[in-house]
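Residue-level listing of the chains:
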Amino acid sequence: MAEQEEAASDEIINPTFPPGRIKRMMKLDKDINKINSEALFLVSCSLDLFIESLAKRSAQVALEKKRKTVNLDYLRIAVKRHQPTSDFLLDSLPMPCKSSPAAGGVANEPSSSWSEDKALPFGTRRIDQFFHKGS
């Protein structure tokens, strides 16, 4: 038993997201001047756990719908079911397509709801803007 605890404590944890990008997102907050390596590491690990949890919840919804592929609708359902996640993430997700292939619509037809942005309070950004290269 003690050997297992020692082996678990010696395990090296390597977050999968690039620290530079996470640091850039954290610095968007005007109150943050410096970010030490321990805080960056904890946020990176937290992000890994959050994404894993979100993926598991979305996969569970896909299984309930008897599908093998997770799509945006299943992600929205998973976010709605988890109240803490729903409070901050639901408004940042793109709106679902009005014409889906399952409903008989054309799959390649662009939806106007994807390009419409909600009016955001001054100084806020949508989460999907973090994943696009800046100009």
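Each remark here, short or long, concerns the structure printed above.
Residues numbered from 1 in each chain as written. Predicted model: local features only at pLDDT ≥ 70, side-chain atom pairs only at ≥ 80, totals over all residues. Heavy atoms only, no water.

J.: Would you take a moment to explain the side chain of Ser86 for this structure?
T.: Along the chain, the position of Ser86 falls in helix 5 (residues 83-89). If we ignore the near neighbours within four places in the chain, the residues touching Ser86 are Val79 and Lys80. (Helix = DSSP H or I, 4+ residues; strand = E, 2+ residues; numbered from the N terminus. Contact = heavy atoms within 4.5 Å.)

J.: Would you mind showing me how to read the nonpolar core here?
T.: Generally speaking, a soluble globular protein has its nonpolar side chains buried in company with each other. Core analysis: the largest hydrophobic core is formed by 5 residues, namely Leu54, Val79, Leu89, Leu90 and Leu93. Apart from residues no more than four positions distant in its own chain, Leu54 is found in contact with Leu75, Val79 and Leu89. (Core = buried A, V, L, I, M, F, W, Y, C linked by side-chain atoms within 4.5 Å. Buried < 20%, exposed > 50% of the residue type's maximum accessible area, 1.4 Å probe, protein only.)

J.: Could you clarify how one ought to interpret the packing of helix 2 (residues 19-27) against helix 3 (residues 37-64) in this entry?
T.: One way to put it is that helix 2 packs onto helix 3 with a least axis distance of 10 Å and a crossing angle of 100°. What the angle tells us is that helix 2 and helix 3 run roughly perpendicular. Residues Pro19, Ile22, Lys23 and Met26 of helix 2 touch helix 3, and the partners they reach there are Leu40, Val43, Ser44 and Leu47. A class-by-class count of the residues in the contact of helix 2 with helix 3 yields 6 nonpolar, 1 polar and 1 charged. (Axes fitted to C-alpha atoms, helices over the stretch in contact; angles between N-to-C directions. Parallel < 35°, antiparallel > 145°, perpendicular 65-115°, else oblique. Nonpolar A, V, L, I, M, F, W, Y, C, P; charged D, E, K, R; others polar.)

J.: How should I be thinking about the packing of aromatic side chains in this particular structure?
T.: To describe a pair of aromatic rings, you give the distance between the ring centres and the angle between the ring planes. For the structure shown, the criterion picks out 1 aromatic pair. Measuring from ring centre to ring centre gives 5.9 Å for Phe50 and Phe88, while their planes differ by 40°; the resulting arrangement is tilted. One end of the pair, Phe50, is in helix 3; the other, Phe88, is in helix 5, and 38 residues separate them in sequence. According to the relative accessible area criterion, Phe50 is partly exposed, its value standing at 26%. (Phe/Tyr/Trp six-rings, centres within 6.5 Å; stacked < 30°, edge-to-face > 60°.)

J.: What exactly am I supposed to notice about unusual backbone geometry here?
T.: Trans is the prevailing form of peptide bonds, just as negative phi is the prevailing case for residues other than glycine. Despite not being glycine, Lys66 has its phi angle at roughly 60°, a positive value. Structurally, Lys66 can be placed in the loop between helix 3 and helix 4 (72-81). Taking the relative accessible area as the measure of exposure, Lys66 reaches 74% and is therefore exposed.

J.: Which parts of the structure should I look at to understand the environment of Ser86?
T.: On the basis of relative accessible area, Ser86 is assigned to the buried category, the value being 15%. Placed 10 residues apart in sequence, Ser86 and Arg76 show a C-alpha to C-alpha distance of 8.8 Å.

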